[in-house]
Amino acid sequence: MFVTLLFCLLAAAGLLAAIVARVAAPKDAIKGLAWHKEHQFFWGNLLYIQRVVVNGTSTLPAENYEALRSLGYKAFGVSYPGGRIIVVLVEPADLKCLLKKSFHNFEKGPEFRGILEGLLGKGVFNVNGVAWREQRNVSSHLFSRRQLRERMSYVFGVHAKRMASKLREEAEQGRPVEIQDRFFHLTFDTINSVAFNRHVDSQSGNPADCTFQTAFDACQRAIINRFLTPWWRVCKYFQCSKDERIMTAGLEVINKYLEQVVDDYVDVNGQVRPGLTADDQTLIGLYMRQAQEEGKAVDRVVIRDMIMNFVIAGRDTTASALTSCIELLTEDGNESWQDRLCSEADSCFAGHMGEPLTLDDIADRSVAAEAVLLEALRLRPAVPINEKVCVVETRLPSGITLPVGTSVSWCVNATNRIPSIWGADADVFNPTRWITEGDTITTKYDEYSYPTFNAGPRLCLGRNMAILEGKIALLTLFAQFRFSRAGRAPPRPVTSVTWQIARGFEVNVHLRC
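Predicted model, so just to flag it, every value in this text is computed and none were measured.

A.B. asks: How do you make sense of the overall build of the protein chain when you look at a structure like this?
C.D. replies: Within the protein chain, the regular secondary structure consists of 19 helices and 13 strands. Rg of the C-alpha trace for the protein chain: 24 Å, near the compact-globule value of 24 Å for 513 residues, within the 12% margin. Within the protein chain, the proportion of its 513 residues that are buried is 54%. Long-range contacts, defined here as pairs at least 24 residues apart, represent 72% of the contacts in the protein chain between residues at least 6 apart. A total accessible area of about 22800 Å² is found for the protein chain, and carbon and sulfur atoms account for 55% of it. Both charge centroids of the protein chain, one from 58 positive and one from 57 negative side chains, sit 4 Å from each other.

Pasting the structure below:
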């Protein structure tokens with residue numbers, strides 16, 4: 001009896017020791033790395049992480065920024081029970097190593113892909129290797145200079161003009177406008193037109209398009225908490241958390257909508273619908289052409305995932321940027337930049353006020369608009385945090401050696417505010433920093449000092465498209481209006497994959513004439 005009891009006690013002690021060894025998060029896991037100040041031996045940063053989740057993960061970019069600033073803009077670590085470590089990077093040299101020089105040493109890890117797979121599937125933002133290269137190659141043809149000039153700029157102008165027309169109706173009635181929602185509808189309509197040749201009109205409140213976007217936004221807000229919840233798979237399986245119930249309901253709406261969209265292109269057997277050819281320059285046409293050249297069947301799942309990834313790329317990021325522009329332009333002290341945009345818009349529209357703006361109209365006459373966009377995206381990057389996992393041990397220029405399996409995050413909003421790069425006014429909205437003495441946009445900030453559009457081989461293909469659409473939208477609006485804040489409460493970010501304002505952003509729209 002005694003021997004049996006002793007054996008059981010020793011077995012229990014061994015099991016406990018194994019659990020502690022597996023669960024504990026020691027500070028010396030990565031030599032030379034600073035740790036978040038709330039790190040504890042056994043639980044790591046679990047209590048801090050859960051506090052962020054409870055308060056809303058929208059606070060995470062600001063929390064990371066404050067931690068990095070307190071450390072003199074040096075990397076720090078966060079650890080979970082179970083051994084997972086996240087190293088948060090900020091220095092441009094480290095980012096260049098991560099995103100370019102040692103590009104193949106880092107991937108979208110299984111945890112990252114698993115978290116986003118229900119929403120993004122195996123689209124370009126959620127895959128590695130061959131799958132990523134093939135999708136990026138197809139997508140690259142969509143963003144040529146010819147496409148921007150001949151197709152996209154006119155589409156952007158038409159939809160921006162439609163938005164201005166609806167805002168004029170609101171302004172004439174003296175009603176405040178929730179501008180963030182309007183920008184999301186604008187960019188949803190434009191990305192569907194230029195990427196998929198689909199004519200949607202969510203600006204007019206089409207129920208199916210608006211319902212899809214509502215579900216899409218809800219899923220984005222819910223899914224982001226998975227990154228900070230180690231047991232999210234359990235919650236998903238048992239549907240025991242509010243976020244996972246939102247995800248399940250939202251994905252049902254999203255997938256039903258996308259099934260109908262895919263039906264417009266191919267039937268259930270993967271046969272292309274009559275009247276569709278592989279000659280058009282939309283994303284779907286480019287994909288069908290490649291499949292035809294390689295003798296492959298058109299895959300409905302690929303089209304579904306392609307649409308989802310480009311909706312978030314073409315809708316969310318540009319709408320976020322435009323909302324940030326209006327938010328910052330309506331801050332006290334920034335009214336002079338509204339004056340500059342009004343003047344620039346008058347120049348671009350000179351002689352054809354009733355027509356949509358195009359690339360030719362704004363060439364060399366949209367410096368202020370571009371500077372405002374770039375500065376807004378510096379302070380409010382559309383995707384403030386990103387993550388990969390180390391698959392080959394890598395020594396960073398800062399001296400930190402990353403073991404295999406380490407998660408690596410980079411804090412864009414912190415890099416975009418390093419005083420040694422951006423000056424003593426790094427926290428201040430100052431579009432002048434982007435304008436040279438010759439009244440052109442400066443090129444002195446490289447993609448690692450300003451990683452708003454990612455960097456290296458994964459540099460955003462749609463960067464020029466987003467800037468063009470943003471400039472056309474701003475100039476179209478400021479040709480007719482000025483804006484002021486409708487509420488006194490400062491805007492707060494909301495938990496989401498992209499930067500958004502909680503409960504929207506209400507403005508007063510003032511007619512210029």
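A.B. asks: I'm lost on helix H6 (residues 129–140) in this one. Help?
C.D. replies: Between the first and last C-alpha of H6 there are 16 Å, a value that for 12 residues agrees with the 16 Å anticipated at 1.5 Å per step. Listing the buried residues of H6 in full gives Trp-132, Gln-135, Arg-136, Val-138 and Ser-139. Take H6 and look down its axis: the buried residues cluster within an arc of 160°, on one side only. If you follow the buried residues of H6, they end up packed against helix H12 (283–293) and helix H13 (300–329).

A.B. asks: Would you mind going over the nonpolar core with me for this structure?
C.D. replies: Across soluble globular proteins, nonpolar side chains show a tendency to be buried alongside one another. With 116 residues, the main nonpolar core has Ile-179, Ile-254 and Phe-483 as its most contacted residues. Among the elements that line this core, the one with the most residues is H13, at 14 residues. Residues within four places of Phe-483 in sequence aside, it is in contact with Leu-167, Ile-179, Ile-326, Thr-330, Gln-338, Leu-477, Phe-478, Val-507, Asn-508, Val-509 and His-510. Counting residues in hydrophobic clusters, the runner-up holds 21 residues, among them Ala-75, Ile-85, Val-408 and Tyr-448.

A.B. asks: Any chance you could explain the layout of surface pockets here in plain terms?
C.D. replies: One water molecule sets the probe size; rolling that probe over the atoms shows where empty space is left. In this structure, the second largest pocket occupies an estimated 400 Å³ of space. For the second largest pocket, the lining is made up of 18 residues, of which Arg-145, Leu-359, Ser-366, Glu-370 and Lys-471 are closest to its centre. Secondary structure elements with two or more residues in the lining of the second largest pocket: helix H7 (145–173), helix H15 (359–362), helix H16 (367–379) and helix H19 (463–478). For the lining of the second largest pocket, the element with the most residues is H19, which contributes 5 residues. Classifying every residue of the lining of the second largest pocket by side-chain character gives 8 nonpolar, 3 polar and 7 charged.

A.B. asks: How should I be thinking about the packing of helix H9 (residues 207–223) against helix H11 (residues 242–263) in this particular structure?
C.D. replies: Their axes nearest at 8 Å, the elements H9 and H11 cross at an angle of 145°. Between H9 and H11 the crossing geometry is left-handed. When H9 is examined against H11, the residues Ala-208, Asp-209, Thr-211, Phe-212, Ala-215, Phe-216, Ala-218, Cys-219, Ala-222 and Ile-223 are found in contact with a partner set consisting of Asp-243, Ile-246, Met-247, Gly-250, Leu-251, Val-253, Ile-254, Tyr-257 and Leu-258. Split by residue class, the contact of H9 with H11 holds 15 nonpolar, 2 polar and 2 charged.

A.B. asks: What is the right way to look at the sheet that holds strand S1 (residues 34–35) in this model?
C.D. replies: Backbone-to-backbone hydrogen bonds join strands into a sheet, with any given pair of strands oriented parallel or antiparallel. Here we have 6 strands laid out as an open sheet, ordered S1-S2-S3-S9-S6-S4, and mixed in their pairing. Unpaired on one side and paired on the other, S1 and strand S4 (106–107) mark the two borders of the sheet. Examined bridge by bridge, S1 and strand S2 (residues 76–79) share 2 bridges and lie parallel to one another. Bridge assignment links Ala-34 to a residue of S2, and that residue is Phe-76. Helix H3 (residues 60–70) rests against S2, strand S3 (85–89), strand S6 (385–390) and strand S9 (407–411) of the sheet, and its axis sits at about 90° to S9.

A.B. asks: I keep staring at helix H14 (residues 335–349) and nothing clicks. Help me out?
C.D. replies: A turn of α-helix holds 3.6 residues, and therefore any two residues three or four places apart point the same way. Given a rise of 1.5 Å per residue, 15 residues ought to cover 21 Å, and the 21 Å separating the end C-alpha atoms of H14 matches this to within 8%. Along H14, the residues classified as buried are Trp-337, Gln-338, Leu-341, Cys-342, Glu-344, Ala-345, Cys-348 and Phe-349. For H14, the secondary structure elements touched by its buried residues are H13, H15, H16, H19 and strand S10 (481–485). Trailing H14 by a residue or two, Gly-351 shows a phi angle of about 90°, which is positive.

A.B. asks: Sorry, what's going on with the sheet that holds S10 here?
C.D. replies: In space, the 3 strands of this open sheet follow the order S5-S13-S10, with antiparallel pairing throughout. The sheet is open, and its two edges are formed by strand S5 (177–178) and S10, each paired on a single side. Where H7 meets the sheet, its contacts fall on S5, S10 and strand S13 (506–511), and the angle it forms with S13 comes to roughly 90°.

A.B. asks: When you look at a nonpolar patch on the surface in this model, what are you seeing that I'm missing?
C.D. replies: On the surface, a nonpolar cluster with roughly 510 Å² of combined accessible area is contributed by Trp-231, Val-234, Tyr-237 and Phe-238. Owing to a relative accessible area of 68%, Tyr-237 belongs among the exposed residues under this scheme.

A.B. asks: In this structure, what is going on with unusual backbone geometry? I would like to understand it.
C.D. replies: Both trends apply: most residues other than glycine have a negative phi, and most peptide bonds are in trans. Of note, Asn-197 is a non-glycine position whose phi angle comes to about 55°, a positive value. Examined against the element boundaries, Asn-197 turns out to sit in the loop between helix H8 (179–196) and H9. Of note in the backbone geometry, Asp-439 takes a positive phi value of approximately 60° without being a glycine. Among the secondary structure elements, Asp-439 is positioned in the loop between helix H18 (419–422) and H19.

A.B. asks: Any chance you could explain the pattern of salt bridges here in plain terms?
C.D. replies: Any two side chains of opposite charge can pair, so long as their charged atoms come close to each other. Counted according to the given criterion, the structure contains 27 salt bridges. Arg-175 is the partner of Glu-170 in a salt bridge, and the nearest nitrogen-oxygen pair spans 2.9 Å. Judged by relative accessible area, which is 42%, Arg-175 ranks as partly exposed. Between Glu-244 and Arg-226 there is a salt bridge, with its nearest N and O atoms 2.8 Å apart.

A.B. asks: What am I meant to see in the packing of aromatic side chains here?
C.D. replies: The way to describe two aromatic rings as a pair is by their centre distance and the angle between their planes. For the structure shown, the criterion picks out 15 aromatic pairs. Ring geometry for Phe-188 and Phe-212: centres 5.8 Å apart, planes at 35°, overall tilted. Of this pair, Phe-188 sits in helix H8 while Phe-212 is found in helix H9, placing the two residues 24 residues apart along the sequence. Here Phe-188 matches Phe-212 in class, with each residue buried. Aromatic ring contacts, followed pair by pair, group Phe-188, Phe-212, Phe-216 and Tyr-257 into a single cluster.

A.B. asks: Would you take a moment to explain the side chain of Thr-415 for this structure?
C.D. replies: Inspection of the secondary structure assignment puts Thr-415 in helix H17 (residues 412–415). By relative accessible area, Thr-415 is classed as buried at 0%. Of note is the side chain of Thr-415, whose polar atom sits 2.7 Å from the backbone oxygen of Val-90. Non-local contacts of Thr-415, meaning those with residues more than four positions away in its chain, are made with Val-90, Pro-92, Leu-95, Trp-422, Tyr-448, Ser-449 and Pro-451.

Each value, and the rule that gives it
Residues numbered from 1 in each chain as written. Predicted model: local features only at pLDDT ≥ 70, side-chain atom pairs only at ≥ 80, totals over all residues. Heavy atoms only, no water. Helix = DSSP H or I, 4+ residues; strand = E, 2+ residues; numbered from the N terminus. Rg over C-alpha atoms; globule rule 2.2 N^0.38 Å. Buried < 20%, exposed > 50% of the residue type's maximum accessible area, 1.4 Å probe, protein only. Contact = heavy atoms within 4.5 Å. Areas by Shrake-Rupley, 256 points an atom, 1.4 Å probe, with all protein chains shown as cover. Lys, Arg positive; Asp, Glu negative; His and termini not counted. Charge placed at Lys NZ, Arg CZ, Asp CG, Glu CD. Expected span 1.5 Å × (residues − 1). Arc of directions from axis to C-beta. Core = buried A, V, L, I, M, F, W, Y, C linked by side-chain atoms within 4.5 Å. 1 Å grid on protein atoms, 1.4 Å probe; cavity = no way out; pocket = protein on both sides within 12 Å on 5 of 7 lines; lining within 4 Å. Points joined across faces, edges and corners; volume = space filled by probe spheres on them. Nonpolar A, V, L, I, M, F, W, Y, C, P; charged D, E, K, R; others polar. Axes fitted to C-alpha atoms, helices over the stretch in contact; angles between N-to-C directions. Left-handed = near helix turned anticlockwise from the far one by under 90°. Pairing = 2+ DSSP bridges. Patch = residues over 30% accessible without salt bridge, like charges linked within 9 Å, V, L, I, M, F, W, Y side chains within 5 Å. Salt bridge = Lys/Arg side-chain N within 4 Å of Asp/Glu carboxyl O. Phe/Tyr/Trp six-rings, centres within 6.5 Å; stacked < 30°, edge-to-face > 60°. Polar contact = N/O pair within 3.5 Å; in protein donor to acceptor, adjacent residues only side chain to side chain.

Honestly, that's just the spatial picture; any functional story needs more than this.
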